[in-house]
Amino acid sequence: MCDALSDTAQLADLFAQHGSPLNLHHLGPFGDNYRAYADLLDQHNLKHLIFFARKANKSKAFVQAAQQLGFGVDTASYRELAQALELGNAPEKLVLTAAIKPAKLVRLALENDVLIVLDNVDECVLVDTLAREMGKTAIVGIRISGFTVAGEQLYSRFGFPVDDAVAFISQMGATYPNLQFKGFHFHLNGYSRHERGAALATTIACADSLREMGIATDFIDIGGGLLVRYLQEQSQWETFMHELKRAVRGEREPITFGNNPLGLQLVAGKIYGEPNVYPYFNTTPKATFLAEVLDYRAATGETVAAQLRNRAIELRLEPGRSLLDQTGITVAQVAFRKWDSRGDLLVGLEMNRTQMYSSSADFLLDPLLVYRDDPRPTLPPAASEIMGYFVGAYCLEQDIILKRKIPFARVPEIGDWVCFPNTAGYMMHFYETEAHLFELATNLVLRDGQFVLD
Ligand SMILES: Cc1ncc(COP(=O)(O)O)c(C=O)c1O
């Protein structure tokens, strides 16, 4: 990141060619992130197949990299699947998990013998009918949900109720002759290792019941949702939360735009709830997260890893965000500086908030500033007289790029750059829109020391 940002001649060139903001990608960490998962699964002697959840980033470069590194791609739409096939990714290393599956998409998967994960009875009817018309047998996974963990049922709008799954699958051959059941799929909301472990144990029990009926389960796919650790120090997280609460209670000056509580509730001077943000600091990222899932002990006392191994069931995962950790940054150009009626500095950026946006109430990473006359990217100072907010190009009062107030070593100049680090997973792409007919940001990939179009 720092190398790319320090080369201000190259940056100026790229902005001149492609406009602002730019999404810059580096594929190195993608392979490292994959290998960390694969190594752990190998250490456990597990059969495994990892799919990159493409929805987390639109760039084709990751689809190609997955192919070169020998792992799979999870596709969630017609264009995601069509591109992966055009790029030459092997059909047996693709999975279709789209939440909505139009007939055109199902046909494409069937033509190429791509595994289709089915969510409901209507999808079973559609896929079975189209497969029959095309003279094909569809290879399918069944998505399940509604696991009971510690006496509570985990709700999801996706999938078949787990309690009905065995009965349903045992009838599938008779009801849907052109569907061939291969395995189970689930993807849980939230970041609980315990819930994933428990859901995996329940799914293995389903596979056992099916085996007694002579139906094999080749794989169990536990989806994505493996954590990324965005912050280096726990103290960064704790200090911010502490100061946010003080600000919301009015005990100090605001540290967020309009004293935004980021989801905290203030009732009669007391704070309730938690900020609605991703756990940007956590102690269980990536392979550590997966290790805890694998170590979950089923009722038999065995770990789920041992259960999978003993049954030769392949474990599948679909990480998106965590495979993209450290692979991308978003850089925008400063357009203006002004002081608003509250006396706050507003730094206008040539971008809008959909170009760096997550479902979190805010993106809690510090930006890097690149002053053109001093090309060493700098983090915000610990404290400064000069504090302000980044604002964007949409005609919305809410087009505030970061809700946090940022200290500046000095007021940026027009044409300086602001870099938002580690944005490749969802932040740069998932919510981007073309309102006002703004162009979408250009995606560039570092190849042989040069940033080239994705
Ligand atoms: C079915 C499915 N698989 C994989 C993922 C990727 O999750 P993550 O990027 O959090 O790893 C998602 C995300 O929504 C999903 O819905």
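Predicted, not measured: the structure shown is a model, and the values here were computed from it. (Residues numbered from 1 in each chain as written. Predicted model: local features only at pLDDT ≥ 70, side-chain atom pairs only at ≥ 80, totals over all residues. Heavy atoms only, no water.)

K.L.:
Summarise the site of the ligand; cite the residues concerned and give the values.
P.N.:
Taken together, the neighbourhood of the ligand is formed by 13 residues, with G225, E318, G320, R321 and Y426 sitting nearest. A distance of 2.9 Å is found between an oxygen atom of the ligand and a backbone nitrogen or oxygen belonging to R321. One of the side-chain nitrogen or oxygen atoms of Y426 is found 2.5 Å away from an oxygen atom of the ligand. Contact with the protein chains covers 84% of the free accessible surface of the ligand, which is 400 Å². For the shell around the ligand, the per-class residue count stands at three nonpolar, five polar and five charged. (Near = heavy atom within 4 Å. Polar contact = N/O pair within 3.5 Å; in protein donor to acceptor, adjacent residues only side chain to side chain. Areas by Shrake-Rupley, 256 points an atom, 1.4 Å probe, with all protein chains shown as cover. Nonpolar A, V, L, I, M, F, W, Y, C, P; charged D, E, K, R; others polar.)

K.L.:
Any details on the pattern of salt bridges? Residues and values, ideally.
P.N.:
Going through the model one piece at a time under the given rule, you end up with 21 salt bridges. The shortest N-O distance in the salt bridge between K182 and D218 comes to 3.7 Å. In this pair, K182 sits in strand 10 (residues 179-185) while D218 sits in the loop between helix 9 (193-212) and strand 11 (219-221), placing the two residues 36 residues apart along the sequence. K182 gets classed as partly exposed once you look at its relative accessible area, which sits at 23%. Two residues, R252 and E243, come together in a salt bridge whose shortest N-O distance is 2.9 Å. Look at E243 and you get buried, because its relative accessible area is 18%. Each of E243, R246, R252 and E253 takes part in one network of salt bridges that share partners. (Salt bridge = Lys/Arg side-chain N within 4 Å of Asp/Glu carboxyl O. Helix = DSSP H or I, 4+ residues; strand = E, 2+ residues; numbered from the N terminus. Buried < 20%, exposed > 50% of the residue type's maximum accessible area, 1.4 Å probe, protein only.)

K.L.:
Account for the state of the cysteines, naming residues and giving values.
P.N.:
Scanning all chains against the criterion turns up zero disulfides. Unpaired in terms of disulfides, C2 finds its nearest cysteine sulfur in C419, a separation of 8.2 Å. (Disulfide = S-S within 2.5 Å.)

K.L.:
Please give an account of the confidence of the model for the protein that cites residues and values.
P.N.:
Per-residue confidence for the protein gives a mean pLDDT of 97; residues scoring 70 or more make up 100%. The least confident element of the protein is strand 18 (residues 374-378), whose mean pLDDT is 86; the most confident is strand 11, at 99. (pLDDT = per-residue confidence, 0-100.)

K.L.:
Lay out the pairing of strand 1 (residues 22-25) with the relevant residues and their values.
P.N.:
Every second residue of strand 1 is oriented toward a common face, with L22 and L24 on one face and N23 and H25 on the other, all of them buried. Bridge count between strand 1 and strand 22 (residues 442-447): four bridges; the pairing is parallel. Counted as the bridge partner of L22 is T442 from strand 22. (Pairing = 2+ DSSP bridges.)

K.L.:
Got a sec to walk through the packing of helix 5 (residues 78-86) against helix 6 (residues 103-111)? Specific residues and values, please.
P.N.:
Close contact between helix 5 and helix 6 brings their axes to 10 Å; oriented N to C, the two are set at 25°. As the angle between them shows, helix 5 and helix 6 are arranged roughly parallel. Crossing of helix 5 over helix 6 shows left-handed handedness. Counting all contacts with helix 5, which are made through Y78, L81, A82 and L85, the residues of helix 6 involved are K104, L105, L108 and A109. Considering only residue class, the contact of helix 5 with helix 6 consists of seven nonpolar, no polar and one charged. (Axes fitted to C-alpha atoms, helices over the stretch in contact; angles between N-to-C directions. Parallel < 35°, antiparallel > 145°, perpendicular 65-115°, else oblique. Left-handed = near helix turned anticlockwise from the far one by under 90°. Contact = heavy atoms within 4.5 Å.)

K.L.:
Give a description of the domain arrangement of the protein that names residues and reports values.
P.N.:
Taken as a whole, the protein is organised into domain 1 (2-25 + 327-453), domain 2 (28-228 + 279-324) and domain 3 (234-272). For domain 2 versus domain 3, the separation of C-alpha centres amounts to 39 Å. (Domains from an automatic or database assignment.)

K.L.:
Could you give an account of the environment of V162, naming the residues involved and the relevant values?
P.N.:
Following the sequence through the fold, V162 ends up in helix 8 (residues 162-175). For the pair V162 and R447, spaced 285 residues apart in the sequence, the C-alpha separation amounts to 45 Å. In this structure V162 touches I144, S145, G146, F147, T202 and C206, once residues within four positions along its chain are discounted.

K.L.:
Requested: an account of helix 8, with residues and values cited.
P.N.:
The end-to-end C-alpha distance of helix 8 is 19 Å, a good match for the 20 Å that 14 residues give at a rise of 1.5 Å each. When helix 8 is considered as a whole, its buried residues turn out to be V162, A165, V166, F168, I169 and M172. Its buried side turned inward, helix 8 meets helix 7 (121-134), strand 6 (138-145), strand 9 (160-161), strand 10 and helix 9. (Expected span 1.5 Å × (residues − 1).)

K.L.:
Residues and numbers for the packing of aromatic side chains, please.
P.N.:
This structure, assessed with the given rule, holds 23 aromatic pairs. Summarising the aromatic geometry, the rings of F52 and F62 are spaced 5.9 Å apart at their centres and angled 55° between planes, so their arrangement reads as tilted. Placement of the pair is F52 in strand 2 (residues 48-53) and F62 in helix 4 (residues 60-69), with a sequence separation of ten residues. The same class applies to F52 and to F62, which are both buried. Their ring planes at 75° and their centres at 5.1 Å tell us that Y191 and Y278 sit as a pair that is edge-to-face. In this pair, Y191 sits in the loop between strand 10 and helix 9 while Y278 sits in the loop between strand 13 (270-272) and helix 11 (286-294), placing the two residues 87 residues apart along the sequence. When its relative accessible area of 30% is taken as the criterion, Y191 is described as partly exposed. Aromatic ring contacts, followed pair by pair, group Y191, Y230, W237, Y278, Y280 and F363 into a single cluster. The aromatic ring of Y78 is capped on one face by K104, whose charged end is 4.2 Å from the ring centroid. (Phe/Tyr/Trp six-rings, centres within 6.5 Å; stacked < 30°, edge-to-face > 60°. Lys NZ or Arg CZ within 6 Å of the ring centre and 35° of its normal.)

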